[in-house]
Amino acid sequence: PLGGAAGEIQISTPGLILAVKVKNDLLYDHLSSKLKENPESKTSEESGLKICAMPMPNPSNLPLHLTVASSGDYLFLASSPELVRTVQQVRKGKQAGLKTSSDFQNLAKHLPAQGNQFVYISKSFGETFGEIQKQAMSRSGIGPQELAMIQRLFGAGEPSYNLSIGAHTANGWQTTSVG
């Protein structure tokens, strides 16, 4: 929860994951050995998925864990072991993934279907970020006219969301984005 009693909003725990295609477990072995130096680190192995996670203290007390994982030919770096497990469930077809959401599909239809990377910022993230901005501005002492002008400048209160697909081409990298 953020904000005061009158303007409290709930935000989901942020998640970040990077998936890299690899040839072997060399990187996982090296990174997990470094994490294991911390006595609070935990390791597990489940259905071909190796995970090593270390809690990350932070001022907001969010449940963040520096996580390195390996499964088949992928190395994962993530903010939690649960996020890696979710990705694995989606990869195995046991859970619906991002491609099934209508917001993602509405953006994806305008972009190439293939690429080497993608970045997606969801509509719900844009809505939450907009609400945080609105609360911060209303408490700043800015006058109503100035506040209205700033809100128009930053999208008139409409949530921002975006999908970008990047690909390596013969001439370099090409990224296409829609939002």
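Residues numbered from 1 in each chain as written. Predicted model: local features only at pLDDT ≥ 70, side-chain atom pairs only at ≥ 80, totals over all residues. Heavy atoms only, no water.

Below, the discussion takes up unusual backbone geometry. Positive phi values are uncommon outside glycine, yet Ser47 reaches one of about 50°. Along the chain, Ser47 turns up in the loop between strand E2 (42-46) and strand E3 (49-55). Residue Ser47 is classed as exposed on the basis of its relative accessible area of 65%. (Helix = DSSP H or I, 4+ residues; strand = E, 2+ residues; numbered from the N terminus. Buried < 20%, exposed > 50% of the residue type's maximum accessible area, 1.4 Å probe, protein only.)

With that out of the way, let us pick up the side chain of Ser41. Summarising the element assignment, Ser41 is placed in the loop between helix H1 (26-35) and E2. Using a relative accessible area of 14% as the deciding quantity, one classes Ser41 as buried. Among the polar contacts listed, one links the side chain of Ser41 to the backbone oxygen of Leu35, at a separation of 2.5 Å. In contact with Ser41, not counting residues within four places along its chain, are Leu35, Lys36, Ala53 and Met54. (Polar contact = N/O pair within 3.5 Å; in protein donor to acceptor, adjacent residues only side chain to side chain. Contact = heavy atoms within 4.5 Å.)

Turning to the sheet that holds strand E7 (residues 162-169), a few remarks are in order. Taken in spatial order, the three strands make up an open sheet running E6-E7-E8, and their pairing is antiparallel. Taken across any chain shown, the strands that pair with only one partner, and hence form the sheet edges, are strand E6 (117-121) and strand E8 (172-178). Each adjacent strand pair in this sheet contributes to an overall mean axis angle of 15°, direction not counted. Pairing geometry for E6 and E7, over five bridges, is antiparallel. Across the sheet, residue Val119 finds its bridge partner in E7, namely Ser164. (Pairing = 2+ DSSP bridges. Axes fitted to C-alpha atoms, helices over the stretch in contact; angles between N-to-C directions.)

In this section: the sheet that holds strand E4 (residues 65-71). Strand order in this open sheet of five strands is E1-E5-E4-E3-E2, and the pairing throughout is antiparallel. Only two strands of the sheet have a single partner each, and these edge strands are strand E1 (17-21) and E2. Each strand axis lies, on average, 15° off the axis of its neighbour in the sheet, ignoring direction. Bridge count for E3 against E4 is seven bridges, and the pairing is antiparallel.

If you look at the biggest cluster of nonpolar residues, it comprises seven residues: Val22, Tyr28, Leu35, Cys52, Met54, Val68 and Leu75. Sorting the residues of this core by element identifies H1 and E3 as the ones contributing at least two each. Those residues in contact with Met54 that sit more than four places away from it in its chain are Leu35, Asn38, Ser41, Leu64, His65 and Leu66. (Core = buried A, V, L, I, M, F, W, Y, C linked by side-chain atoms within 4.5 Å.)

Here we come to a nonpolar patch on the surface. A cluster of nonpolar side chains, contributed by Leu18, Val20, Leu27, Leu31 and Leu77, occupies part of the molecular surface with about 370 Å² of accessible area. If you list the elements that add at least two residues to the nonpolar patch, you get E1 and H1. (Patch = residues over 30% accessible without salt bridge, like charges linked within 9 Å, V, L, I, M, F, W, Y side chains within 5 Å. Areas by Shrake-Rupley, 256 points an atom, 1.4 Å probe, with all protein chains shown as cover. Salt bridge = Lys/Arg side-chain N within 4 Å of Asp/Glu carboxyl O.)

Turning our attention to the pairing of strand E5 (residues 74-78). Bridge analysis of E1 against E5 gives five bridges, and the strand direction is antiparallel. Counted as the bridge partner of Ile17 is Ala78 from E5. Bridge count between E4 and E5: five bridges; the pairing is antiparallel. Bridge assignment links Val68 to a residue of E5, and that residue is Leu77.

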